[in-house]
Amino acid sequence: MSSPPLTPPGWSRWLVPPAALSVHLSIGQAYAWSVFKPPLESVLHLDGTQSALPFQLAIVMLGLSAAFGGTLVERNGPRWAMTVALVCFSSGFLISALGAQTKQYWLIVLGYGFVGGIGLGIGYISPVSTLIKWFPDRPGMATGIAIMGFGGGALIASPWSAQMLSSFGSDNDGIALAFLVHGLSYTVFMALGVFLVRVPGAVTPVAGASGPGDADGVRVSARSAVRTPQFWLLWVVLCTNVTAGIGILEKAAPMITDFFADSSTPVSASAAAGFVALLSAANMAGRIGWSSASDRIGRKNIYRVYLGVGALMYLLIALFGDSAKPLFVLCALVVLSFYGGGFATVPAYLKDLFGTYQVGAIHGRLLTAWSTAGVLGPLIVNWIADRQKEAGKHGASLYALSFGIMIGLLVIGFVANELVRPVHVRHHHVPAPREAADDQRQQPA
């Protein structure tokens, strides 16, 4: 289970992205947690903060498990990692089903948040280094296809979950049954990824096998990578880009409602929900579109677009967003496409800087920037909006200060990206005995 089998003659590398997608489309359900919030609040008498706890803990565990489990993923291979993700993510739903059935909310927090969150983190990074090894000629496109699934998982899970709650009922028995169906269904779907995943063997021809990172002899271990300024500059780049995107995504519906509350054509609840769906689509499209573009124009250039144009979009919303709905919607869609694109492009950026050796482990450590941004973005937007409302302000003025902060953060990210340089030669090679041992573990059985 720890190592995928040898690739047979004529086996297509294009079967690896579907394997990755089967995992990412499943764990992308996390973005659909809000569907379960109202029924849980009603049945278990929770407030909004309490009902958000499983999701918040899951995102924290995503970052922590990706950071601390990244080296294990590299050493044990993608099949092992996908299996661990399958067991943890599906078990999280089964534990949550028991919690809903017995009305023990702590079990839902433990199952979905803690156990399921570990599955999120391991599953998120499980295919990264394998895809880059299969597609050294187009690493941005390859990782974009997979990570697109995480952004798109909610587009499947949201209506599916809502339909189940409608059919089974929104009481504790209905919620428990919905959790149970999720757990069993995702077990089957993620198992397809475990079955399909392969790593290129020594004799397997891979187009463009001399990728830009390894061609220059760059083979940096995860332990060495975190000691380089390049890693921490990219940490700042990812954190600022994600903070800017999640600042809109987390408060999208009330934000667009507030912006046009005083206009002659206020935004209805259904239109606000449609706006959220559009943002999800932009998030998903950006993951494959912008990451594929990075293969042509380069990783540093595409992040110049994410951060520089992103700051411009925020400025346009702040200055003119409340006077024109199309402008507000367009700018928000662009920002969310950059949000998704940043996630999908960063593994290829890491590959260019540190090589393919342990790139998955390095990526896992970098995802702590996501955990930080997941707290920082909503905190900036919500806390400032609440304070402005207490001061008697309303409409677009609730967000003027927070948008200014977002622009400043994007400028900081832009400067950090400009400071990124090739990794110093002293970090290029890991100690020979450890390299040999790890390389041996990564070979197909």
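Going by the structure above, here's the rest.
Residues numbered from 1 in each chain as written. Predicted model: local features only at pLDDT ≥ 70, side-chain atom pairs only at ≥ 80, totals over all residues. Heavy atoms only, no water.

A. Quick peek at the nonpolar core. Formed by 117 residues in total, the largest nonpolar core has its most connected members in Tyr124, Phe179, Ile248, Phe259, Tyr314, Phe354 and Trp370. Ranked by residue count, the leading element in this core is helix α16 (residues 325–354), at 14 residues. Excluding residues that lie within four positions of it along the chain, Trp370 makes contacts with Tyr31, Leu62, Tyr124, Phe150, Val242, Tyr339 and Phe343. Core analysis: the next-biggest nonpolar cluster, separate from the first, contains eleven residues, Trp11, Leu21, Leu131 and Phe135 among them. (Core = buried A, V, L, I, M, F, W, Y, C linked by side-chain atoms within 4.5 Å. Buried < 20%, exposed > 50% of the residue type's maximum accessible area, 1.4 Å probe, protein only. Helix = DSSP H or I, 4+ residues; strand = E, 2+ residues; numbered from the N terminus. Contact = heavy atoms within 4.5 Å.)

B. Geometry of the layout of surface pockets. Its boundaries defined by the atoms lining it, the largest pocket holds a volume of some 1,300 Å³. Along its surface, the largest pocket is lined by 37 residues, and Tyr31, Ser34, Phe55, Leu249 and Glu250 are the ones closest to its centre. Of all the secondary-structure elements, those providing two or more residues to the lining of the largest pocket are α2 (37–44), α3 (48–51), α4 (53–76), α8 (139–168), α12 (229–249), α13 (252–259), α14 (269–297) and α18 (368–390). Looking at the lining of the largest pocket, its residues break down into 23 nonpolar, eleven polar and three charged. (1 Å grid on protein atoms, 1.4 Å probe; cavity = no way out; pocket = protein on both sides within 12 Å on 5 of 7 lines; lining within 4 Å. Points joined across faces, edges and corners; volume = space filled by probe spheres on them. Nonpolar A, V, L, I, M, F, W, Y, C, P; charged D, E, K, R; others polar.)

C. Highlighting helix α17 (residues 359–366). Of all eight residues making up α17, seven are buried, and the element is well covered by its neighbours. Taken together, the buried positions of α17 are Val359, Gly360, Ala361, Ile362, His363, Gly364 and Leu366.

D. Expanded view of the environment of Ser221. Looking at the element boundaries, Ser221 is found in the loop between α10 (212–215) and α11 (222–225). With 135 residues separating them in the primary sequence, Ser221 and Thr356 have C-alpha atoms 9.5 Å apart.

E. Spatial organisation of the environment of Ala157. Locating Ala157 in the fold gives a position in helix α8. The exposure class of Ala157 is buried, given its relative accessible area of 0%. It is 8.1 Å that separates the C-alpha atoms of Ala157 and Gly28, two residues lying 129 residues apart in sequence. Setting aside chain neighbours within four positions, we find Ala157 in contact with Gln29, Ala32 and Tyr186.

F. Layout of empty space enclosed by the protein. Counted under the stated rule, the structure contains one cavity of 30 Å³ or more. Counted as a void, the largest cavity has a volume near 30 Å³. For the lining of the largest cavity, the elements supplying multiple residues, two or more each, are α12, α15 (299–320) and α16. Partitioning the lining of the largest cavity into residue classes produces six nonpolar, three polar and no charged.

G. View of the packing of aromatic side chains. A full pass over the atoms with the stated rule returns 31 aromatic pairs. On the basis of an interplanar angle of 85° and a centroid distance of 5.6 Å, the ring pair of Phe150 and Trp370 is categorised as edge-to-face. Of this pair, Phe150 sits in helix α8 while Trp370 sits in helix α18, and the two are 220 residues apart along the sequence. Comparing Phe150 with Trp370, the two get one shared label, buried. Here the aromatic rings of Tyr314 and Phe403 are separated by 5.0 Å at their centres, their planes lie at 75°, and the arrangement is edge-to-face. Separated by 89 residues along the polypeptide, Tyr314 in helix α15 and Phe403 in helix α19 (residues 400–418) bring together distant segments of the chain. Just as Tyr314 is buried, Phe403 falls in that class too. Aromatic rings pair up to connect Trp33, Phe36, Phe89, Phe93, Tyr112, Trp160, Phe179 and Tyr186 into one cluster. Over the ring of Phe260 we find Lys325; its NZ or CZ atom is 5.7 Å from the centre of that ring. (Phe/Tyr/Trp six-rings, centres within 6.5 Å; stacked < 30°, edge-to-face > 60°. Lys NZ or Arg CZ within 6 Å of the ring centre and 35° of its normal.)

These results come straight from atomic positions and should not be treated as a statement about function.
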